[in-house]
Amino acid sequence: MAVGGTSSFRKVDTSVLLDRAGMLLVFLGLFVTCSIFVDNFLSWRNMAGLSLAISMAGMVSCSMLLCIASGNFDLSVGSVIAASGCVAAVVINLTGSVVVGILAGLGLGVVVGLINGFVFAKLGINAFITTLATMQMARGFGYIVAGGKAVGISNSDFFVIGTTYFLGLPTPVWLTLVTFAIFGGLINYTEFGRNILAIGGNEEAARLAGVPVVRTKILIFVIHGLMSAVAGVVLASRMTSGQPMTAIGFEMTAISACVLGGVSLAGGIGKISYVIAGVLILGTVENSMNLLNINPFYQYLVRGGILLAAVIFDRYKTRSIG
Amino acid sequence: MAVGGTSSFRKVDTSVLLDRAGMLLVFLGLFVTCSIFVDNFLSWRNMAGLSLAISMAGMVSCSMLLCIASGNFDLSVGSVIAASGCVAAVVINLTGSVVVGILAGLGLGVVVGLINGFVFAKLGINAFITTLATMQMARGFGYIVAGGKAVGISNSDFFVIGTTYFLGLPTPVWLTLVTFAIFGGLINYTEFGRNILAIGGNEEAARLAGVPVVRTKILIFVIHGLMSAVAGVVLASRMTSGQPMTAIGFEMTAISACVLGGVSLAGGIGKISYVIAGVLILGTVENSMNLLNINPFYQYLVRGGILLAAVIFDRYKTRSIG
Amino acid sequence: MGSSSPYLEFVRISKSFPGVLALDDVSFGVNSGSVRALVGENGAGKSTLLKILSGVYRPSSGVLRIDGSERAFQGTSESLAAGVSVIYQELVTVPKLSVAENLFLGHLPKKRGLVDYPCLYELARAALVSLADDIDPRTPLGLLSIGQQQMMEIAKALTRGARILAFDEPTSSLSAREIERLFSVIERLRSEGRTILYVSHRMEEIFQICDSVTVFKDGRHIETFHSTKGLTQDILINRMVGRDIKNVYNYSERPYGDVSIEARDITGPGLKEPISIRVRSGEILGLFGLVGAGRTELLKLIYGATRRTGGEILLKGHPAKVETPRDAIDQGIVFCSENRKAEGIIPLGSVQENINISARRHHGYRMGFINETWERRNAKEQVRSLDVRTPSLEQRICNLSGGNQQKVILARWLSDQMSVVLFDEPTRGIDVGARSEIYALIRRLAERGVAILMVSSDLPEVLGVSDRIAVMRDGALSGIVERTDTSEQKILSMALPV
Amino acid sequence: ADKVRIGFLVKQPEEPWFQTEWRFADKAAKDHGFELLKIATPDGERTLAALDSLAANGAQGFVICTPDPRLGPSIVAKAKALNLKVVTVDDRFVGSDGKFMEDVPYLGMDAHAVGQQQGSLLIAEAKKRGWNLAETGAIVNTFEELDTAHQRTSGSVESLLAAGFAKENIFSAANRTTDIPGSFDASNIILTQHPEKKHWLVIGMNDNAVLGGIRATEGAGFKAPDVIGIGINGTDVVAELEKKEVTGLYGSLLLSPNVHGYKTAMMVYDWVSKGSEPAKFTPISDATLITRENFKQKLTEMGLM
Ligand SMILES: Nc1ncnc2c1ncn2[C@@H]1O[C@H](COP(=O)(O)OP(=O)(O)OP(=O)(O)O)[C@@H](O)[C@H]1O
Ligand SMILES: Nc1ncnc2c1ncn2[C@@H]1O[C@H](COP(=O)(O)OP(=O)(O)OP(=O)(O)O)[C@@H](O)[C@H]1O
Ligand SMILES: O[C@@H]1[C@@H](O)[C@@H](O)CO[C@H]1O
Ligand SMILES: [Mg+2]
Ligand SMILES: [Mg+2]
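Per an unreviewed UniProt entry, chain A goes by L-arabinose ABC transporter permease AraH and derives from Telmatospirillum siberiense. The UniProt entry for chain A carries the following comment under Subcellular location (unreviewed entry): "Cell membrane".

Draft legend 1. Geometry of the interface of chain B and chain A. On the side of chain A, 40 residues touch chain B, which itself brings 40 residues to the contact. There are 0 salt bridges connecting chain B and chain A. Here chain B and chain A share 2 residue pairs in polar contact (both at pLDDT 80 or more) between them. Among the elements of the structure, α6 (98-122), α7 (127-146), α13 (250-261) and α15 (296-321) of chain B are those that each provide at least two residues to the side of chain B that touches chain A. Per-element accounting of the side of chain B that touches chain A gives the leading share, 13 residues, to α15 of chain B. Grouping the constituent residues of the side of chain B that touches chain A by class yields 27 nonpolar, 9 polar and 4 charged.

Draft legend 2. Geometry of the sheet that holds strand β9 (residues 164-168) of chain C. All names here are of chain C. Read from one edge to the other, the open sheet built from 6 strands follows the order β6-β9-β10-β3-β11-β12, with strand pairing classed as mixed. Of all the strands in the sheet, the pair left with one neighbour each is β6 (84-87) and β12 (220-225). Neighbour-to-neighbour, the strand axes of the sheet open up by a mean angle of 15°, direction not taken into account. Here 5 bridges tie strand β11 (residues 212-217) to β12, and the two strands are oriented antiparallel to one another. Bridge assignment links F216 to a residue of β12, and that residue is H221. The strands that helix α5 (residues 146-158) touches are β6 and β9; relative to β6, the one it contacts most, it runs at about 175°. The sheet contacts of helix α8 (residues 233-241) involve β3 (34-40), β11 and β12, and relative to β11 the element is tilted by about 30°.

Draft legend 3. Region of interest: the interface of chain D and chain B. Between chain D and chain B, the contact holds 33 residues from the first and 32 residues from the second. Roughly 2,700 Å² of surface becomes buried between chain D and chain B when both sides are summed, with 52% attributable to carbon and sulfur atoms. Sorting the residues of chain D by area buried against chain B places E45, A56 and R70 of chain D first, and these three jointly supply 23% of that buried surface. Summed over the shared surface of chain D and chain B, the number is 1 salt bridge. There are 11 residue pairs in polar contact (both at pLDDT 80 or more) connecting chain D and chain B. Every element with two or more residues in the side of chain D that touches chain B is listed here: α1 (16-32), β2 (35-40), α2 (44-56) and α3 (72-82) of chain D. The element best represented in the side of chain D that touches chain B is α2 of chain D, accounting for 8 residues. Grouping the amino acids of the side of chain D that touches chain B by side-chain chemistry returns 14 nonpolar, 6 polar and 13 charged.

Draft legend 4. Expanded view of the UniProt feature "transmembrane region" (unreviewed entry) in chain A. The positions that UniProt labels "transmembrane region" (unreviewed entry) are, in the present scheme, residues 20-38, 50-71, 77-95, 102-121, 158-187, 218-236, 257-285 and 297-316 of chain A. The span residues 158-187 of chain A shows a helical share of 70% and a strand share of 13%, and its end C-alpha atoms are spaced 32 Å apart.

Draft legend 5. Spotlight on the arrangement of the chains. If you rank the 5 pairs of chains in contact by how many contacts each has, first place goes to chains A and B. You won't find any contact between chain C and chain D; their C-alpha atoms come no closer than 36 Å.

Draft legend 6. Local environment of the coordination of the magnesium ion (ligand 5). Residue and element names in this part refer to chain C. Summarising the metal site, the magnesium ion (ligand 5) is bound by the protein donors T296 (OG1) and E338 (OE), whose distances to it range over 1.9 to 2.3 Å. Taken as a pair, T296 in helix α9 (residues 295-303) and E338 in the loop between β18 (333-336) and α11 (340-344) lie far apart in primary sequence, 42 residues in all. The same class applies to T296 and to E338, which are both buried.

Draft legend 7. Examining the relation of the copies chain B and chain A more closely. Under the fitted operation, chain B is carried onto chain A by 0.0 Å of movement along the axis and a turn of 180°, and the coordinates agree to an RMSD of 0.1 Å. Here the copies are linked by what is in effect a two-fold axis. A symmetric contact is evident, with 100% of the interface residues of chain B recurring at the interface of chain A.

Draft legend 8. Examining the site of ligand 1 more closely. Residue and element names in this part refer to chain C. Surveying the vicinity of ligand 1 reveals 21 residues, the closest of which are G43, S47, T48, S401 and G403. In this structure, G43 approaches ligand 1 through a main-chain N or O atom, which is 2.8 Å from an oxygen atom. Residue S47 places a side-chain N or O atom 2.7 Å away from an oxygen atom belonging to ligand 1. If ligand 1 stood free it would expose 630 Å²; the protein chains cover 92% of that surface. A class-by-class count of the residues in the shell around ligand 1 yields 6 nonpolar, 12 polar and 3 charged. When residues of the shell around ligand 1 are assigned to domains, at least three fall in each of domain 1 (8-241) and domain 2 (259-495).

Calculation notes
Residues numbered from 1 in each chain as written. Chains lettered and ligands numbered in written order. Predicted model: local features only at pLDDT ≥ 70, side-chain atom pairs only at ≥ 80, totals over all residues. Heavy atoms only, no water. UniProt positions renumbered as here; feature names shortened; annotations may be inferred. Contact = heavy atoms within 4.5 Å. Salt bridge = Lys/Arg side-chain N within 4 Å of Asp/Glu carboxyl O. Polar contact = N/O pair within 3.5 Å; in protein donor to acceptor, adjacent residues only side chain to side chain. Helix = DSSP H or I, 4+ residues; strand = E, 2+ residues; numbered from the N terminus. Nonpolar A, V, L, I, M, F, W, Y, C, P; charged D, E, K, R; others polar. Pairing = 2+ DSSP bridges. Axes fitted to C-alpha atoms, helices over the stretch in contact; angles between N-to-C directions. Buried area = accessible area lost by both parts, 1.4 Å probe. Donors = N, O, S within 2.8 Å, 3.2 Å for Na, K, Ca; no water. Buried < 20%, exposed > 50% of the residue type's maximum accessible area, 1.4 Å probe, protein only. Least-squares fit on C-alpha atoms with pLDDT ≥ 70 in both. Near = heavy atom within 4 Å. Areas by Shrake-Rupley, 256 points an atom, 1.4 Å probe, with all protein chains shown as cover. Domains from an automatic or database assignment.

Right under this line is the structure:
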């Protein structure tokens, strides 16, 4: 909560503005720095590559935002990405139909989401354990469906989703942009979105005010399962195969993107701009470290250091400037 | 003084008892089942093996409990385990002194803990990002110190910690038992322990009640860093080498053990018996799956299924029985 | 509607919690177009009854009848839909959302499926107009003072247009002006034919607005007075407590010592100008003001709970370092918050733990270890002296009734040795019987030479207990008056905006 | 319970490689009537725990592909204490002195040598296509965290250099993860940095690492004739080689997990049942290159398809 002094009105205004911009500002700083000091960073090719590299994290972080805003999180995303890709691949190969395959992949995501939502919201088991369990189960299911190895996809029509370009940008990037727009609207302009924030802010208050808490929570997890599956299907299309081993630990990437952007794990905060900032910062750091050809062991140090620097800067920028 | 209900005294009592026993009861059920259905499960050899297998998780989960009870968690533990083992190995090889090596390893843990504590408690950066950053940095540091690969240890005196037996049980298991005792006492019988619970329960109230919130939080992370380093040194001794790649994802094991046992991620709850139950259940499941020679892909399914079953059972046992 | 068939009827309602029978075979009815007071000691079961009415709890046995038909609500969404609105004893708000969103939570206005913000703000302004027109519907709710939040909660209940409204101690953190506004709203609701339940520990209010009174004791319905004619406060109190209470405040002159604490030119958030205030040892200084006047902030600034931007604290004439609550406590200053839910209780902690958390440092422990013997003894003593109703010392504090939680928090601060006590609405939610005990306790503290600064919104209380009275208005001190030369009118006029 | 029991411990059962080893070890067990206990041991801790449960389960020996060669001394010590015979496969134990533990029976190939083979095959194919090497870049997908990976990729780079490939045209891409997206993202950056190159060689520690690189070149607009990638393992490229359109993946070095699995299982079995101690070192001959032309035949020959 901002402690607004009154003596210095203009000052306060600037700092409020800075505070609103939050991590986007940090990203901007990072971006400018990289543009100046990292060769090729600003090239169109690199921008397209960078945007493609963060497209999956971008998609999944949007729905992860819903989970976190409601005061929870979902650990099963990485496994769902992998399993849905495998399911899509296997079904496409079996039926020859791309559409049926995609639907099957998305269906898996919805089912896992339903299980998560039901066990968590209806049976009242905490989300951590619930999604930890389904994370294991979805991973195992993916391996079993795929028979333990990558499933190459025979029908190349499927690769349109992942490998084509539109107006100079890869299709997955467009999908991610659309996702940002949809989720931004969802959170700010629908009752569902506001209910999520209310639940995250004070679940008891939401329940007493007649917010359908259980239904909202189930819906959150279903949406998140669906989005993870979308990401998984897009990934399978990009890689031209379903990979049961992929995206291990991706839950951490998605959660980190949100939290780094400024979403509180305690719930109640849900700004899509935060997520965008978080995803962009993480992606830019990885991209630049590789462009700079930093030794992989030192990359760990740099990654950790920048993460810390970013949040500390964000925390103190209002003080020092305002 | 009580407005005593009288109608259903006995009923209430049973369910309260069941509730207290919590997950330990679930563990007991699991244990009995395994004893009956899994060959060799109950053999002394397997029991010693099982206890050794959970010794590291046991140690680290105790200090993780402090973090969680205060309403936070620490993601850096896996990296600290690895890095402290490497540091100990390198220093032993350099100086020839086991004691100096161990101190160096533990020192690393304390330093990481101090950084975590300081950034989190003093600078007010959230614990997730803070420890995510130090997790990266400690991992990178481990690789760098070890030169990218495992460091064999030349002085075999060091292996006493990890490879000897005492009264029929491996030394690391004794260390774990001592850890349980110490942390049980810490939480129940010291002001520090109570303060942790107060902070986790209601930080603002704790602060207004004069609890030294910042100092307590820093101490929690230092203790946790130290315990992770102890675990890392013991592991290095067991492995007779420092391994920079080891214990990736171990934070999840430690957190799961706590949460599975019944510790709330929201903070305010800290029972060592919960942690013991969580660690035992996780260990028993892994052990039995190996004894039963279950296909690793199906192991994922079983692991997830048992996790869910355990928590759901725990949740509903009071209802159905009481 | 004939008076023979009440609009709202509780029939043989019982409710038990583990170890506690909160309601025991309670039956009574309330007519529409009337205001029914529910009174009883702390822990008598009033809040539990209202929660059964709104579907938060399901009764262990018994039924609820509304307009003649039986209802069994499975949750608040059902009761809301059936036209029942309850204002709960503890604030239940979403601090990060705006006031407007809080007001319409669960039924936001929509246009083509999307939230219609212009309409929302319009509706919110209208909802606040008769209660708290100074609140901007766009501000995040968490920035409001407790009293303002309470007014918002009342407005929230009204947005539902409910047939049945229940108020659980709505005035416990409101001051006279706000109470007046609330009463005129209740008056209007009654005249519109709605059914109103009203829980309060302030007897004078009951006679002011209620048509009839139901008395509870130990979970049982004791008696319903269908009219307040002939009823007196003394009779009512006697029925509630089971004995007579004379001279609630029982004020007597005391000798003061030297200045014990002085706050000099304090500035900080919530204050509009620097404030200086002194309390002598043995003196009780009351601090009055309207909701949002800045009293809480002043106390927190003195206590070191909020960072001061200027000014200093002097103890016995010497500058003292009071930067954190811990500093304060170590120098004998304690502060009891008005916001027991957010700033008082450790909800999952036991009664014993909540009592000892602060004082153990000065009494209980050796080398960091808890002295269990002292802790039990102290907790037992405190529970006895404040008459806390709890099944055991191990009970989680969040399972106690509101008033009993308040007593536990008071017990926490009375467990320690102190020279300065900062009380923020100390009797909030405490029943009449216990209140006179607490006044006696405060008096005894003063007699021992403790300096007491007590914020209260209850004007009779301020006048009844204090030696001097400081009045705040809009973030500034508008004056300090002696007990002997003041009156309710004078104090109110100092508090009201100019 | 009279049957002989032996364990087969692998570091990463999720990899098809190890599944194949297991499959053929199982076959050996069936053929010769012993029982095989398969356990995943992704790290040192779980390796030691697995030894305990093996012993508890009445096994008398085991085959292991260790998660880390440096675990050798502790595995050997523990095995001795539990009275278990040890044979290592794929990765050889390294002692505390940094040298191979040559008294522990080992069957496997030389990671460095396989890498060298990858490099020389790549350069040969490039020369065959008549590429101007000055306009050719080599993407090296590295994963330095894994010692075996390091040995393979550095072997590969050595071959390139030895064949006269210029050092400044070799670009290493640090993979963040060991799956295809990991090598895709890293390779993409090299392609961005060097838009001037007309042709690309793709190097990586295994099939996945190379496949990600191939996908990246496709994304950057390179056609199959301008890209050469050769994987290692062979088992993970089947789908790629089956694709109708030719891709940049030229082929893969087919190793023989089937042989590894069957032979090592038999070594332990013979040791515990007949007391015949296996040879200290059983080298497995060079890998064979499989391409679009011959992969079906080769894989079927080896019983892998
Ligand atoms: N969730 C609960 N668990 C256990 N006991 C409870 C719970 N809620 C209420 N009680 C008990 O039920 C009894 C009635 O409580 P209730 O809150 O209804 O009292 P009240 O009349 O509203 O008191 P107050 O005036 O202090 O608000 C108390 O003894 C209380 O301790
Ligand atoms: N941290 C803060 N930042 C901005 N405004 C604040 C802050 N704290 C309090 N205020 C404002 O300062 C005013 C004084 O609040 P305070 O809680 O001190 O009032 P009060 O006199 O105790 O009244 P109440 O009875 O309502 O608690 C309120 O209007 C509140 O909105
Ligand atoms: O990880 C590799 C695996 O991919 C296979 O190539 C065999 O050797 C292992 O080290
Ligand atoms: Mg109440
Ligand atoms: Mg106040």
